[in-house]
Every structure is written in structure tokens, then in C-alpha cells.
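# Close look at the chain arrangement
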Amino acid sequence: MPLLYLAMSEDEGRVSNEGMEEVAEWVGITPAQVSAVASFYTMYKRERTGRYLVSCCTSISCMLLGGDDVLHAVEDESGVPHGETDDHGLISVEHVECIGACGGAPAVQVNYELIEGVTPDRARDLVRWLQGARPEIVNADEMQELFGGVRSFDWGIKEEAGAVGPYPAFQPLGTVGRESES
């Protein structure tokens, strides 16, 4: 599964047929088996995504605490409806089911970097920041400080690494950037 993220990082934030064929070759299974995994899990994007993939949780905990309002604020501020990407290829918006931050609901991710306790107003601020600052690296700690609220727990050690594209930050895959690099 992490190899599918590597394939995404090599092809504009999506898993192409060629990428799935290469993953199949690496692990010794058929492209159909890789496609079965890539099409089952929604985090593997088959279509091109924007530079920033904004994922708003709308599962029960987030929904009860305003997750739908956060999603609508992101859609409204960005001009991008769920499942779409803006004309500039900058922002893609999606609603997702449970990103594992129920205690800090409502939660949002940007390129799989988590922000907890997001309000509709802060969601709008987040979109304007992405559009204006266009950070090379998005970092959960920085975005939590700027746009978040109540957390599910104290995150502990500050994380200086962040995501460099619309796929998770994994050191072994080379999809990690550091704040000092931006």
C-alpha cells in the first residue's frame, strides 16, 4: 500500500495505470490485484488532484460538532465542490469518513497532515492561506497552530517534517519536506 503512495507522488498526485503496473512488478502480483486495492481505498486517487488536497471529515463525531459546516466553508471559500479540483490545479476538496481524530472533531487534513478543532471561519482562513501563501510544505503542527482548536490529545514533540504534495509524508518514499527547507 505505501508503494501506491509512491506511485501517486510520481504522477501528479494520482495512481495511473502505468503506476499500478510498476507496483505490481515490484511486489510480484498482477496489475489487477494492485488495481483492486487502489480502487477499494479512497485515499488512492485515480484522478489528478490539486497541489493541496483538503479532506474534511464528515463522519459522526465531526458531523455532530460541525464537520458539514466546515466542509461547506471550504467548498464556498475555494469555489471547489466535493470531489473536484479548481481550474488552477491548486486545491482539491473532498469529504472523508473518519480520519481518526474524533476527540478533536471537527478534523481536516491537508495533504494528509491533520488539523483538529477546525471551525468554519478557520476553514475559510485555511483556504485563503493555501491560495495566498502556497506553502511548499504543509505541516500539521503549523496548520494546527494557525487554524486548529481543541485537540484529541497533546501531540507531544514538535514535528518539523511535512507533506510536499497531495500524498502522505513518508521519509522512506522521499515525500517529506522540512520547515527549514521552505
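Look up: the structure comes first, before these words.
The present account deals with the structure reproduced in this document. (Residues numbered from 1 in each chain as written. Predicted model: local features only at pLDDT ≥ 70, side-chain atom pairs only at ≥ 80, totals over all residues. Heavy atoms only, no water.)

Now for the layout of surface pockets. Taken as a whole, the largest pocket spans an internal volume of roughly 530 Å³. Residue lining of the largest pocket: 23 residues in total, with Thr42, Met43, Lys45, Glu94 and Val96 positioned closest to the centre. Listed by contribution, the elements that provide at least two residues to the lining of the largest pocket are β1 (52-57), β2 (84-85) and β3 (91-96). Of the residues forming the lining of the largest pocket, the biggest block, five residues, is contributed by β3. Of the pockets and cavities examined, the second largest pocket occupies roughly 200 Å³. At the level of secondary structure, the elements contributing two or more residues to the lining of the second largest pocket comprise β5 (113-115), α7 (140-147) and β6 (161-163). (1 Å grid on protein atoms, 1.4 Å probe; cavity = no way out; pocket = protein on both sides within 12 Å on 5 of 7 lines; lining within 4 Å. Points joined across faces, edges and corners; volume = space filled by probe spheres on them. Helix = DSSP H or I, 4+ residues; strand = E, 2+ residues; numbered from the N terminus.)

For the rest of this paragraph, the subject is the environment of Glu160. Note on placement: Glu160 falls in the loop between α7 and β6. Here Glu160 falls in the partly exposed class, since its relative accessible area comes to 43%. In this structure, the C-alpha to C-alpha distance between Glu160 and Asp141, residues 19 residues apart in sequence, is 7.8 Å. (Buried < 20%, exposed > 50% of the residue type's maximum accessible area, 1.4 Å probe, protein only.)

With that out of the way, let us pick up the nonpolar core. A general feature of soluble globular proteins is that nonpolar side chains tend to end up buried together. Core analysis: the largest hydrophobic core is formed by 24 residues, its most contacted members being Val54, Ile91, Val110, Leu126, Leu130 and Met143. At the level of elements, β1, α5 (67-78), β3, β4 (108-110), α6 (120-133) and α7 are the ones that each hand at least two residues to this core. When residues of this core are assigned to their parent elements, the largest contribution, five residues, is made by α6. Those residues in contact with Val110 that lie beyond four places of it in its chain are Tyr52, Leu53, Val54, Ile115, Leu126, Leu130, Val138 and Met143. (Core = buried A, V, L, I, M, F, W, Y, C linked by side-chain atoms within 4.5 Å. Contact = heavy atoms within 4.5 Å.)

Let us look at the state of the cysteines. Enumeration over the complete set of coordinates arrives at zero disulfides. Here Cys62 is not disulfide-linked; the sulfur of Cys57 is the nearest cysteine sulfur, at 3.5 Å. For Cys62, a relative accessible area of 2% gives the class buried. Between Cys102, a free cysteine, and Cys98, which holds the nearest cysteine sulfur, the sulfur-to-sulfur gap is 4.0 Å. (Disulfide = S-S within 2.5 Å.)

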